[in-house]
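Listed here are the chains, written in short residue letters.
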Amino acid sequence: MDLCTYHSHCDFCDGKAPAEDFVKATIEAGFHSYGISSHSPLPFETRWSLSKRNVEAYLMEIKRLREKYAGQIELYGGMEIDYLNDDWGPAVEYFQRLPLDYRIGSVHLVTEEQTGEMMDMDGKFEDFRENLRLVFHDDLKCLVKAYFKASSRMVELGGFDFVAHLDKISMNGSLMDSTLTEQEWYNRLLWDYMSLIAEKGVMVEVNTKAYTRKGMMFPNVKYFKWLKELNIPVMVNSDAHLPQLINDNRALAFEWLREVGIKSTMRLHQGAWVEVPIDNK
Ligand SMILES: [Zn+2]
Ligand SMILES: [Zn+2]
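How each quantity is defined
- Residues numbered from 1 in each chain as written.
- Chains lettered and ligands numbered in written order.
- Predicted model: local features only at pLDDT ≥ 70, side-chain atom pairs only at ≥ 80, totals over all residues.
- Heavy atoms only, no water.
- UniProt positions renumbered as here; feature names shortened; annotations may be inferred.
- Donors = N, O, S within 2.8 Å, 3.2 Å for Na, K, Ca; no water.
- Helix = DSSP H or I, 4+ residues; strand = E, 2+ residues; numbered from the N terminus.
- Phe/Tyr/Trp six-rings, centres within 6.5 Å; stacked < 30°, edge-to-face > 60°.
- Buried < 20%, exposed > 50% of the residue type's maximum accessible area, 1.4 Å probe, protein only.
- Lys NZ or Arg CZ within 6 Å of the ring centre and 35° of its normal.
- Right-handed = clockwise from strand over helix to strand, strands pointing away.
- Pairing = 2+ DSSP bridges.
- Tetrahedral: all angles 85-135°; square planar, octahedral: opposite > 155°, others 65-115°.
- Contact = heavy atoms within 4.5 Å.
- Axes fitted to C-alpha atoms, helices over the stretch in contact; angles between N-to-C directions.

As annotated in an unreviewed UniProt entry, the protein chain carries the name Histidinol-phosphatase and is attributed to Butyricimonas faecalis. Annotation of the protein chain in UniProt includes, under Sequence similarities (unreviewed entry), the sentence "Belongs to the PHP hydrolase family. HisK subfamily."

In structure tokens, the structure reads:
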């Protein structure tokens, strides 16, 4: 079993334990490598993102852990960078200059074009429903379109290694309308987005975080066949916020990747992304 994850949180953002607790848990579980990827700073303070003034301490802590646990695990310092607009996202100079081992491109906050107002499409459904009403006037299709438009723009601008939870909008979106992922317009938007990802040559994660509680992986398992069809390099990440969840649902994700004929996943080895055959795990 090829054990690694490159999407994880700790108490520098909204993770529920210090980074060291996660590192210890991964060593105990037999991981060969682990990437820490706190939520990037935003132009405003939130409860869930790294504060800009803590970025240096964050990088120092990763360096300290890398040295302390050298020989036991390959440790990497990443960041889940929020794309907001052309002025704030993985491609901007601030994030490009940070000494990170890799960058994750991620959209959580979606802007309504007319008003410039922003809403968090992740998180609790009650908040989502309220924000959908306030910011997008209950127009789910409009929000979903804005989400994929922002995501596509992020991919066009580049500057990151892999896309986080590429269809996360379907988590709350499907609670709003259970037929969302069956609708033709939705599938067309997703296909176009994944085609763009393939064209730009970025990697995609299979995010297993919500599977235990919500029965969903991102991308949704039914789109794994598109990953195969478009030949997009994938990795499996747990997006853990608790040390005991670092390996949650990993085996299941591999089983389903194998089922659609995907033969390899990506990992970091000595600082470079390499392809590892699934059969050898
Ligand atoms: Zn995320
Ligand atoms: Zn995350």
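So much for the structure itself; the text now carries on.
*Asks:* Is there a simple way to think about the coordination of the zinc ion (ligand 1) in this case?
*Replies:* The textbook angles at a metal center are 109.5 degrees for a tetrahedron of four donors and 90 or 180 degrees for an octahedron of six. Those protein atoms acting as donors to the zinc ion (ligand 1) are Glu 80 (OE), His 108 (NE2) and His 165 (NE2), and they sit at 2.1 to 2.2 Å. Motif for the zinc ion (ligand 1), donor spacing along one chain: E-x27-H-x56-H. Between the zinc ion (ligand 1) and the zinc ion (ligand 2), both coordinated by Glu 80, there is a metal-metal distance of 3.4 Å. With His 108 in the loop between strand E4 (102–106) and strand E5 (109–111) and His 165 in the loop between strand E7 (162–163) and helix H6 (169–176), this residue pair connects regions lying 57 residues apart in the sequence.

*Asks:* What should I look at first to understand the packing of aromatic side chains in this one?
*Replies:* Two numbers describe a pair of aromatic rings. These are the distance of the centres and the angle of the planes. Applying the stated criterion across every chain, the model contains 17 aromatic pairs. The interplanar angle of 70 degrees and the centroid separation of 4.9 Å between the aromatic rings of Tyr 94 and Phe 95 together place this pair among those described as edge-to-face. Accessibility expressed as a relative area gives 27% for Tyr 94, which makes it partly exposed. Judged by its relative accessible area of 0%, Phe 95 is buried. Three or more aromatic residues link up through ring pairs in this structure, and these residues are Tyr 6, Tyr 76, Tyr 102, Phe 162 and Trp 273. When the ring centre of Tyr 94 is taken as origin, the NZ or CZ atom of Lys 52, which lies over that ring, is 4.3 Å away.

*Asks:* Just to check I follow, could you spell out the pairing of strand E3 (residues 74–82) for this structure?
*Replies:* Looking down a regular strand, the side chains alternate between one sheet face and the other. Counting buried positions along E3 gives 8 out of 9 residues, so the element sits mostly inside the fold. In this fold, the crossover linking strand E2 (residues 33–39) to E3 by way of helix H2 (residues 55–68) has right-handed handedness. Where E3 and E4 come together, 5 bridges link them in parallel fashion. Looking across to E4, one finds that Gly 78 is bridged to Tyr 102.

*Asks:* Help me understand the coordination of the zinc ion (ligand 2), please; the structure alone is not making it clear to me.
*Replies:* Surrounding the zinc ion (ligand 2) are the protein donor atoms His 7 (NE2), His 9 (NE2), Glu 80 (OE) and Asp 239 (OD), which sit 2.0 to 2.4 Å from the metal. In this structure, the zinc ion (ligand 2) is surrounded by 4 donor atoms whose angles at the metal cover 79 to 160 degrees, and the resulting shape is irregular. Written as a sequence motif, the donor arrangement for the zinc ion (ligand 2) is H-x1-H-x70-E-x158-D.

*Asks:* Explain the sheet that holds strand E8 (residues 203–207) here, please?
*Replies:* Within the open sheet, the 7 strands sit side by side as E1-E2-E3-E4-E7-E8-E9. Their pairing is parallel. Both outer strands of the open sheet, strand E1 (4–5) and strand E9 (234–237), are each paired with one neighbouring strand and no more. Here 2 bridges tie E1 to E2, and the two strands are oriented parallel to one another. Pairing of Thr 5 across the sheet is with Tyr 34, part of E2. Relative to E2, helix H1 (residues 19–28) is tilted by about 155 degrees, and along the sheet it contacts E2 and E3.

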